[in-house]
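# Fold and geometry: a report
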Amino acid sequence: MSASLIRSRATVTHAIDRHRWNEITDGAVLQEDGAIVEIGTYQDPNVTVVGSGYEVMLPGFVNGHHISD
């Protein structure tokens, strides 16, 4: 089982509205075999850490204005 922890200064989990968002300070995302297992604050893990803790992590964006063929 391959696991790693992606660390960030701030993890934006979702938008509340156009001007506000939910943010986890000193956030981390634990993934195992490409699936997200847990999202929360950073704690010293027993797995490989990706990121220095100075980045901002954003969710994937979807462009709902284009239709794929």
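Everything in this summary refers to the structure shown in the same document. (Residues numbered from 1 in each chain as written. Predicted model: local features only at pLDDT ≥ 70, side-chain atom pairs only at ≥ 80, totals over all residues. Heavy atoms only, no water.)

## What about the layout of surface pockets?
Put simply, the rule reads: Lining residues are defined by having an atom within 4 Å of a point belonging to a cavity or pocket. Those points lie on a 1 Å grid over the protein atoms alone, cavities being sets where a 1.4 Å probe fits but cannot get out and pockets being open sets with protein on both sides within 12 Å along at least five of seven lines. Grid points are joined across faces, edges and corners, and a volume is the space filled by probe spheres set on the points. By the criteria applied, helices consist of DSSP H or I runs no shorter than four residues and strands consist of E runs no shorter than two, each listed in order from the N terminus. Amino acids outside the nonpolar list (Ala, Val, Leu, Ile, Met, Phe, Trp, Tyr, Cys, Pro) and the charged list (Asp, Glu, Lys, Arg) are all regarded as polar, and Gly is one of them.
By volume, the largest pocket amounts to about 190 Å³. Lining of the largest pocket is provided by Leu5, Ala28, Leu30, Glu38, Ile39, Gly40, Thr41, Tyr42, Gln43, Asp44 and Pro45. Elements that contribute at least two residues to the lining of the largest pocket include exactly strand E4 (27-32) and strand E5 (35-41). With four residues, E5 is the largest single contributor of residues to the lining of the largest pocket. In terms of residue class, the lining of the largest pocket is made up of six nonpolar, three polar and two charged.

## What about the sheet that holds strand E1 (residues 3-7)?
Which entries qualify depends on this criterion: Pairing between strands is defined by DSSP: at least two bridges between them are needed. Axis lines are fitted to C-alpha atoms, over the contacting stretch for helices. Their N-to-C directions set the angle, which ranges from 0 to 180 degrees.
Pairing in this open sheet of four strands is mixed, and the strands run E5-E4-E1-E6 from one edge to the other. The sheet terminates laterally at E5 and strand E6 (48-50), the two strands that pair on one side only. The mean inter-strand angle of the sheet, taken between neighbouring strand axes irrespective of direction, is 25 degrees. Pairing of E1 with E6 involves three bridges; the strand directions are parallel. If you follow Leu5 over to E6, its bridge partner there is Val49.

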